[in-house]
Amino acid sequence: LVVNLLPAVDAFHEALEGEDLETIFNESSAVLRQVDDFLEIFFVEGAAEAVHSAPLYRMQVASRQIMLVQSIFRDYVLVSGNASAQTSMSETIANFEAVHRALREGGQGVAKLSLVRQDVVKQWDRISAVWGAFRQQLLVIPTLSDRATVLGSVQETLNSLVAELEVGVQLFGIQDEEMKGEYMWPIIAYSGFVVVMLGCIC
């Protein structure tokens, strides 16, 4: 990671010295993409053949979403008249949605979310709702006349989304109590059946 990241970081530092806003955003996006590529290989591709139920792994995958939405916003700032930023943003949006879906349904090395974790299910739904609003805002490309207003509104939604994602990261770090979910209801049903059968025998 360090070897691949250093050139991008150096370019970003040079952009900061030049104080050109567009160059700064371009180089910062390049740094984020390098980190994103590393995380995808380390956390997703490396775990493609194994399903991890450990809370730590889920936290790592969930926290990656925060970086993805920040990267999306950086590309959105540059998207007007910038084809490469549009492509990058579209790819990152698809990446975020794939990770978000995997955290609920399973996939990419993450175990399916147990129904016993209704706290996480509800938080996942809240994240989905704010993400939907953010995703819709990305369809509006700001013009010179309304750029400040539009970007301010999108950034406000981004802040709300990051706040919800941070709550999600903490909840994903809690161990599931599988016995209360996937196994408890079959046990209750079987016990009820046994009680009924004993009642009939008596």
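Residues numbered from 1 in each chain as written. Predicted model: local features only at pLDDT ≥ 70, side-chain atom pairs only at ≥ 80, totals over all residues. Heavy atoms only, no water.

### Some remarks on the packing of helix α3 (residues 55–78) against helix α6 (residues 147–172)
One way to put it is that α3 packs onto α6 with a least axis distance of 9 Å and a crossing angle of 175 degrees. With respect to α6, the element α3 is oriented roughly antiparallel. Residues Pro55, Arg58, Met59, Ala62, Ser63, Gln65, Ile66, Val69, Gln70, Phe73, Tyr76 and Val77 of α3 lie in contact with α6, whose contacting residues are Arg147, Val150, Leu151, Val154, Gln155, Leu158, Leu161, Val162, Leu165, Glu166, Val169 and Phe172. Residues that form the contact of α3 with α6 fall into these classes: 17 nonpolar, four polar and three charged. (Axes fitted to C-alpha atoms, helices over the stretch in contact; angles between N-to-C directions. Helix = DSSP H or I, 4+ residues; strand = E, 2+ residues; numbered from the N terminus. Parallel < 35°, antiparallel > 145°, perpendicular 65-115°, else oblique. Contact = heavy atoms within 4.5 Å. Nonpolar A, V, L, I, M, F, W, Y, C, P; charged D, E, K, R; others polar.)

### Topic: helix α4 (residues 83–105)
With 23 residues, α4 ought to run about 33 Å at 1.5 Å a step, and its terminal C-alpha atoms sit 33 Å apart, in line with that. Those residues of α4 that fall on the buried side of the exposure criterion are Ala85, Ser88, Met89, Thr92, Ile93, Asn95, Phe96, Ala98, Val99, His100, Ala102 and Leu103. (Expected span 1.5 Å × (residues − 1). Buried < 20%, exposed > 50% of the residue type's maximum accessible area, 1.4 Å probe, protein only.)

### Re the side chain of Gln65
Structurally, Gln65 can be placed in helix α3. Accessibility expressed as a relative area gives 2% for Gln65, which makes it buried. When near neighbours in sequence (up to four residues on either side) are disregarded, Gln65 contacts Phe96, Val99, His100, Leu103 and Leu165.

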